[in-house]
Structure formats: structure tokens, C-alpha cells
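# Topology and contacts: notes
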Amino acid sequence: MREPGAIVLVACYELGHQPLAVAWPAAFLEREGYAPAVMDVSVEPFDPDRVRRAKLVAISVPMHTALRLGVTVARRVREVNPTCHIAFYGLYATLNAGHLLGGLVDSVMSGEIEGALVDLVRKLEGGKLASGSLPPAPAGPRPVLAKLNFPAPSRVALPSLKKYTHLERDGGLELVGYVEASRGCKHLCRHCPIPPVYGGRFFVVPVDVLLADVRQQVQAGATHITFGDPDFLNGPGHAMAVARALHAAFPSLSFDVTAKVEHLLRHRDRLRELARLGCAFIVSAAESLSDTVLANLDKGHTRADIETALRLTAEAGITLRPTWVAFTPWTTLEDYRELLDFVESNGLVDAIDPVQFSIRLLVPPGSLLLESAALRPFLGELVEGQFYHRWIHPDPRMEALHAAVSPLVAAAADHREDAAVTFQRVRELADQRAGAAPRPVSAPAARRKRPPRLTEPWFC
């Protein structure tokens, strides 16, 4: 197991960023004397030669898209190397253990997995495990929630930052680094995959470890850092210490964070300082303007709170980039059209990637939504191999609208169509479904000032 390449860590998709979910396990393994190889199939081809030499292939599945891609990778691994041990790790690994451990995968783990991964390697090294030797426990594998001693992530073997998402700012493109100041989340939003794994807990990364990771990415050319924390303000004291240390060490570096609407309100007094320290924009899971939908998702905020958050961030000089779950069983056609009007009237067209207008509520195995009485009337069967529970909207017009919007925004993203043009086309579809008269269409100003954004538009 200590031969170079005996362990292969595979990333499938990490929101367009250089995969931290591979860089960190690599660092833990290297600290113990192992020499893992890495592969990121989102930006480089599957390498059968690398896999053929492996005794363990560990595949990162932090999100639904990565899981689906990971299954395809695992099948190819099994074809190339039938005897190697295949492990899946990440949020979606234990949620889907029942399917994955049914013959495709030998072990799954989620949560704070790096120590458990090292333990797995040691067992394989000692001959205590073989392919197919880890049947699931009666209750299924449990997430690992032990505090870790973090080394700096190992990025040397990963593809260049140039292959990943860029920051689009003032007409130019800049390289982007990706770090985490914390992992997990203390909140229990019902539609999120984090609560079933972390159960309301989160773990902070030491400031010196984070700065070491930032430093190696700055040396690789990054001028902007994305904090991948599910909520940067889960621990506001730690978050502000990180932001201050980052600015002190790299004064010209900008960054973006993700934070809940309720945290933006609760910590409003910190927003101006975040802006001064280099925060270019904040992503916030607004999800819906419907208080009914927000209550069913247990988001912890209301429409009025979203409006307040927009005002507070604007006053602080930070762009707010809301994300949405535009299609839920409780979202009416009028809700959808009102969302589009809200986006336009609040000057958010350029702050929202149009793919957000196609996002449909995902209900994976283990989701807290499966316990919701509000969802039960619309819930269908588990779609095997696709890793989600089907649901049907009570209004056929909304199903038809989703079927029309999804390919429209996907094609627009592929062709890098102006967001304002795509927005108008989406609204035209919504008006048509509602039987409303078409609205006048005007060409957006080509040279208008747009807020900074990442070139990767997908969020799931």
C-alpha cells in the first residue's frame, strides 16, 4: 500500500473548483507515509493505467452530480482492476450506502473521513480486508464525526488552477483558489444533504492550516479565494479571525463566502468589515420568496428577511448572490413569476446564474424531507441508480415549465449567453405557461457594469 500509486483518490466534480475533497485526504495519507495518486475526471480523462496499479480507489462524492459520475467511474475501475478495493466518501456516500454496497462498492464513509480513510488503508495493508468484505451494518454505515488534526491540503499532483472555475471581474478572468474554514453545519434545513450526515455539528479548520493552503494557491496564481464552508458564519468569531488573518497575509486577495440569510441579519455589524477585508460577494441560499416553501424547507428566514439581507449587503458594499430552489411541490406558477419580477426589480439579473431558475427540489435517500408531512402527498418512489425520490407537482403547468426551462438555461450556460438575455427568455416561458400577454423585450446594455462572479454556474 506504500508503493506510489497503490492508492488512487478520484474527484468527480467539486463545483468547478480544484478538489479540496481529494487534496485533504491526500495530505492525511502522505503524513502517514503513503503516496497516493490523484485523478480529477471533471477536467482530465479517466486514466486506466493509474487504476490498474491501484489496490484502493477512493472516489469523492460530496454532491449529487459527483455521485452519479462516481458510479460511472467505479464501474470502469471494476472493469480495469476487478480485485482492487473501491471506497466512496463524502456527503452522498453513506446516504446511498444501501445501493452502493449492493455489489458496486466495498466501503463508504462520510463526515470527517480522513482518519477513517487512513484506518481503511492500514487494514488493507495488513491483509485484514479484501474487495467485497465490508457488508453494511444493520443500521447502515454511520458518518464519522471525530475532530481531526488537519495538515495543509496536498495540491501538488492536482491539475492546474487554470483548468478550474475563474473569477469574472471588470471584464477580465482571474484564477480562483478554494478553501474551507469549517466543515459541516449547525443548521438543519430539511432539503440539505449536510444535516443527515453532520446532525447539526460543524468543525473548524485552524487558521494557520488555512493560511498555508491559501499560500500555496496564491503561489499557483490565485488572486481570489472561495470559502467552500456550507455557512461561513456558523462560527462568526472563527470566521472573522480567518478573514482578518487572510487580509493581513494577502492584502490584495479578494474572497467570497456562503452564509445563511438569518446569519446576514444576525451579524449585520460584521458585513462592512468583511467588505473592507476583501469580500467581493456572498452566496446565500434564499431558495424561495414563498414563506410557505421556506417553512416547509425549515430555512429559518422569510421573504422579508431576504429583502433585509439585500439591503444590508448593498449598504456594506458587498454583492449578494442568492441561490434558489425554483421548483418545489409548493411553488405555484405565480410564485415563480413573482420570483422573476423580484429579481428584475431588485437589480439581481446579473447577480444570479440563470441555471438557478431551473433548480428542482432534490430528495435523496436519507433526506430530512422524507419525514415531512407536507411533502408526503407529492412523493413518489426512489429512482434506483439516480439517487433521488421522485415527486410530482400538483400543477401540470409547473412540470411543463420545468421541462422547458431546464434545457434552455443549460444550453445558455454552455454558450455563455448573456444572463440578461437568458433571464428574458425564461420569463417569456413562464408568462406563456400562465397565459399572460408577452412583455416588451429590450436588448441588455452590452457594456453595463456587472458584479463579480465565478464562471462555474452549477451548484449541485
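The shown structure was predicted, so the numbers you read here are calculated from the model rather than taken from an experiment. (Residues numbered from 1 in each chain as written. Predicted model: local features only at pLDDT ≥ 70, side-chain atom pairs only at ≥ 80, totals over all residues. Heavy atoms only, no water.)

## Focus on the packing of helix α8 (residues 207-219) against helix α9 (residues 236-249)
Which entries qualify depends on this criterion: To get an axis, fit a line to the C-alpha atoms, keeping to the stretch in contact for a helix; angles then go from 0 to 180 degrees between the N-to-C directions. Working definition: helices are DSSP H or I runs of at least four residues, strands are E runs of at least two. Numbering for both runs from the N terminus. Working definition: roughly parallel below 35 degrees, roughly antiparallel above 145 degrees, roughly perpendicular at 65 to 115 degrees, and oblique for all remaining angles. Crossing handedness is read from the near helix: turned anticlockwise from the far helix by less than a right angle, it gives a left-handed crossing, and turned clockwise, a right-handed one. Contacts between residues were defined by any pair of non-hydrogen atoms, one from each residue, lying within 4.5 Å. Note on residue categories: nonpolar means Ala, Val, Leu, Ile, Met, Phe, Trp, Tyr, Cys or Pro, charged means Asp, Glu, Lys or Arg, and polar means any other residue, Gly included.
Where α8 contacts α9, the two axes come as close as 10 Å, and the packing angle between them is 40 degrees. The angle between α8 and α9 falls in the class oblique. Here the hand of the crossing between α8 and α9 comes out right-handed. Across the interface between the two elements, Val 207, Leu 210, Leu 211 and Val 214 of α8 pack against His 238, Val 242, Ala 245 and Leu 246 of α9. Residues belonging to the contact of α8 with α9 are distributed by class as follows: seven nonpolar, one polar and no charged.

## A look at the packing of aromatic side chains
The condition is simple: Ring pairs shown here join Phe, Tyr and Trp side chains whose ring centres sit within 6.5 Å, with only the six-membered ring taken for Trp; geometry is labelled stacked below 30 degrees between planes, edge-to-face above 60, and tilted in between. A 1.4 Å probe rolled over the protein chains alone gives each residue an accessible area, and that area as a share of the maximum for its type sets the label: buried under 20%, exposed over 50%, partly exposed in between.
Tallied over the entire structure, the rule returns seven aromatic pairs. A centroid spacing of 5.0 Å and a plane angle of 40 degrees characterise the contact between Phe 327 and Tyr 336, whose relative ring orientation is tilted. Each of the two residues, Phe 327 as well as Tyr 336, counts as buried. These aromatic residues form a ring-pair network of at least three members: Trp 24, Phe 28 and Phe 150.

## Let's talk about helix α14 (residues 333-345)
Put simply, the rule reads: For a helix, the expected span equals 1.5 Å multiplied by the residue count minus one.
Helix length check: α14, at 13 residues, gives a terminal C-alpha distance of 18 Å against a target of 18 Å (1.5 Å per residue), a fit within 8%. Those residues of α14 that are buried are in contact with α13 (303-316), β13 (319-324), α15 (396-414) and α16 (419-434). Of the residues one or two after α14, Gly 347 is the one with positive phi, at around 65 degrees.

## Section: the sheet that holds β13
Basically, it comes down to this: Paired strands are those between which DSSP finds at least two bridges.
Pairing in this open sheet of seven strands is mixed, and the strands run β13-β12-β11-β10-β7-β6-β16 from one edge to the other. Unpaired on one side and paired on the other, β13 and β16 (453-454) mark the two borders of the sheet. The pairing of strand β10 (residues 224-227) with strand β11 (residues 254-258) spans three bridges and is parallel. Bridging across to β11, Thr 226 finds its partner in Asp 256.

## What about the pairing of β10?
The criterion, for reference: Orient the strands so they point away from the viewer; a crossover is then right-handed if the path from the first strand over the helix to the second runs clockwise.
The side-chain alternation of β10 yields two buried faces, one formed by His 224 and Thr 226 and the other by Ile 225 and Phe 227. Bridge count between strand β7 (residues 172-179) and β10: four bridges; the pairing is parallel. Residue Gly 177 lies in a different strand from β10, and its bridge partner there is Ile 225. In terms of handedness, the path from β10 via α9 over to β11 forms a crossover that is right-handed.

## A short note on the pattern of salt bridges
Counted only if it meets this: The salt bridge criterion pairs a side-chain nitrogen of Lys or Arg with a carboxyl oxygen of Asp or Glu, the two atoms within 4 Å.
Overall, the coordinates contain 34 salt bridges when judged by the stated rule. Its salt-bridge partner being Glu 273, residue Arg 276 comes within 3.8 Å of it at the nearest N-O pair. On the criterion of helical spacing, the pair formed by Arg 276 and Glu 273 is a turn pair, its members being three residues apart in helix α11 (residues 271-276). According to the relative accessible area criterion, Arg 276 is exposed, its value standing at 56%. Connected through shared salt-bridge partners, Glu 334, Arg 337, Asp 341, Glu 344, Arg 427, Asp 431 and Arg 439 make up one network.

## Focus on the nonpolar core
Selection rule: The term nonpolar core refers to a set of buried residues drawn from Ala, Val, Leu, Ile, Met, Phe, Trp, Tyr and Cys, joined through side-chain atoms within 4.5 Å.
Ranked by size, the top nonpolar core spans 62 residues in total, and within it Phe 227, Phe 232, Phe 255, Leu 274, Ile 282, Tyr 336 and Leu 401 carry the most contacts. When residues no more than four places from it in sequence are discounted, the contact partners of Tyr 336 are Ala 326, Phe 327, Thr 331, Phe 357, Met 398, Leu 401, Val 405, Val 426 and Ala 430. By size, the runner-up hydrophobic cluster in this structure holds 38 residues, among which are Leu 95, Ala 97, Val 105 and Phe 203.

## Digging into the state of the cysteines
Just so we agree on the cut-off: Disulfide assignment relies on a single distance test, namely cysteine sulfur atoms paired within 2.5 Å.
Evaluated as defined, the whole model comprises zero disulfides. Unpaired in this structure, Cys 279 has its nearest cysteine sulfur neighbour in Cys 185, at a distance of 18 Å.

Such coordinate-based values are descriptive only and should not be taken to indicate function.
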